[in-house]
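Here's the letter readout for the chains.
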Amino acid sequence: MANLQEKRNFIDAHREEIAQATGKSILQVIKESRRVKSASELLRAAETKVYVFDKDKEMADPGAKSVILEAAETLAFESVMPLVRALKVDSRCKSICLICDNVASRRFEELNDTDFKRVRNEVNDDLFSEIPAPVDVAIAVVEPQNSPNSLLLYGGKSVFEAKKLYFIATGWVGVGKSPAFDKAQVGNMDEVDGFFCNNALAKRILFKDVPNVNGDKVYDFGTPYSDTVEPD
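This report concerns the structure included in the present document.

Procedures and definitions
Residues numbered from 1 in each chain as written. Predicted model: local features only at pLDDT ≥ 70, side-chain atom pairs only at ≥ 80, totals over all residues. Heavy atoms only, no water. Buried < 20%, exposed > 50% of the residue type's maximum accessible area, 1.4 Å probe, protein only. Helix = DSSP H or I, 4+ residues; strand = E, 2+ residues; numbered from the N terminus. Pairing = 2+ DSSP bridges. Right-handed = clockwise from strand over helix to strand, strands pointing away. Axes fitted to C-alpha atoms, helices over the stretch in contact; angles between N-to-C directions. Contact = heavy atoms within 4.5 Å. Expected span 1.5 Å × (residues − 1). Salt bridge = Lys/Arg side-chain N within 4 Å of Asp/Glu carboxyl O. Parallel < 35°, antiparallel > 145°, perpendicular 65-115°, else oblique. Left-handed = near helix turned anticlockwise from the far one by under 90°. Phe/Tyr/Trp six-rings, centres within 6.5 Å; stacked < 30°, edge-to-face > 60°. Lys NZ or Arg CZ within 6 Å of the ring centre and 35° of its normal.

## Things to note about unusual backbone geometry
Then step 1. Each neighbour pair has its own omega, and for Ala133 with Pro134 the value is 0 degrees, a cis peptide bond.
Then step 2. A positive phi angle is found at Glu161, which is not glycine, with a value near 65 degrees.

## Here we look at the pairing of strand S3 (residues 93–100)
Then step 1. Where burial is concerned, most of S3 is hidden: seven out of the eight residues are buried.
Then step 2. Two elements, strand S1 (residues 49–54) and S3, share six bridges in a ladder whose sense is antiparallel. Looking at S3, one finds that Tyr51 is bridged to Leu98.
Then step 3. Since strand S2 (residues 65–71) and S3 lie parallel, the crossover through helix H5 (residues 74–89) that links them has a hand, and here it is right-handed.

## Examining the sheet that holds strand S8 (residues 218–220)
Then step 1. Read across the open sheet, the eight strands follow the order S4-S1-S3-S2-S5-S6-S7-S8; overall the sheet is mixed. Each of the sheet's edge strands pairs with one partner strand only, and the pair in question is strand S4 (117–119) and S8. Here the average twist between neighbouring strands, direction ignored, is 25 degrees.
Then step 2. When strand S6 (residues 164–168) meets strand S7 (residues 194–197), the two strands line up parallel, connected through three bridges. By the bridge assignment, Tyr166 is partnered in S7 with Gly194.
Then step 3. Relative to S2, H5 is tilted by about 160 degrees, and along the sheet it contacts S1, S2, S3, strand S5 (137–141) and S6.

## A look at the environment of Thr22
Then step 1. Looking at where Thr22 falls in the secondary structure, it is placed in helix H2 (residues 15–22).
Then step 2. On a C-alpha basis, the gap between Thr22 and Arg106 in space is 6.8 Å, while along the polypeptide they are 84 residues apart.

## What about H5?
Then step 1. Between its first and last C-alpha, H5 extends 24 Å over 16 residues, near the 22 Å set by a 1.5 Å rise per residue.
Then step 2. Here H5 has its buried residues at Ala76, Phe77, Ser79, Val80, Met81, Val84, Leu87 and Lys88.
Then step 3. Buried residues belonging to H5 abut S1, S2, S3, helix H6 (102–111) and S5.

## Some points on the pattern of salt bridges
Then step 1. Here the structure, examined in full by the defined rule, presents 13 salt bridges.
Then step 2. Glu32 serves as the salt-bridge partner of Lys24, at 3.4 Å between the closest nitrogen and oxygen.
Then step 3. By relative accessible area, which is 16% here, Glu32 ends up buried.
Then step 4. For the salt bridge of Asp90 with Arg92, the shortest nitrogen-to-oxygen distance reads 2.7 Å.
Then step 5. For Arg92, a relative accessible area of 58% corresponds to the exposed category.
Then step 6. Taken together, the shared-partner salt bridges in this structure form one network comprising Glu47, Arg118 and Arg120.

## A few points about the packing of helix H1 (residues 4–13) against helix H4 (residues 36–46)
Then step 1. Running from N to C, H1 and H4 point in directions that differ by 45 degrees, and their axes come no closer than 10 Å. With respect to each other, H1 and H4 are oriented oblique. The interaxial crossing formed by H1 with H4 has left-handed handedness. Seen from H1, the contacting residues are Leu4, Lys7, Phe10 and Ile11; seen from H4, they are Val36, Ala39, Ser40, Leu42 and Leu43.

## Remarks on the packing of aromatic side chains
Then step 1. Under the counting rule described, the total for this entry stands at six aromatic pairs.
Then step 2. Seen in terms of ring centroids, Phe53 and Phe116 are 5.7 Å apart; in terms of plane orientation they differ by 55 degrees. Their pairing is tilted. Residue Phe53 is found in strand S1, and its partner Phe116 is found in the loop between H6 and S4; the two are separated by 63 residues along the sequence.
Then step 3. Owing to a relative accessible area of 6%, Phe116 belongs among the buried residues under this scheme.
Then step 4. Judged by centre distance (5.4 Å) and plane angle (85 degrees), the ring pair of Phe108 and Phe116 falls under edge-to-face.
Then step 5. An aromatic cluster of three or more residues is present, and its members are Tyr51, Phe53, Phe108 and Phe116.
Then step 6. A cation over a ring is seen here: Lys88 above Phe53, with NZ or CZ 5.7 Å from the ring centre.

As structure tokens, then:
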């Protein structure tokens, strides 16, 4: 168990992320990090959380698939939630696992979706043991540093045994905001089966960010967040 100083050091190093995740100001975060109880509460609020919805058998087709998604930032949350809502009523899906932290975690909790149950390993706080495996499909989106998309991009297949791994390039940022695609480490990434982007412009940006990507794996017909924009 970390002592107060260790907790304060961690909070100081991630104060902006914790402020976003908790909806507090940075000044509030700094003040609360000085007390044992409130520092622990800050860390619990900001930790990565795993939520699972297992459907009743009559809600899913024989051979239905399990899907795992992630979200941290606002754009990621806005992109993933339409998929979650669609998967909840799609009989081809038998279970949904959502990994979230930062703003997305707070916003998902505010939805109070009782279909989803939080999975929590109270024994050792091991995030990996909280994520159900194997899964059939893993979906990651554009995220900044310290977000759960790297869990799926680097472990969706190799750790969680997903048969398919997809990436959604929301908006027109390609993969530029996802440090997981850093050239120094991208060679260790699990094989991505498909990239989804908005339109031809977004597709060109993605090709620039990931020059070795197979063009047959890039689909430009909109994303859950935005369909397309006309040049004018």
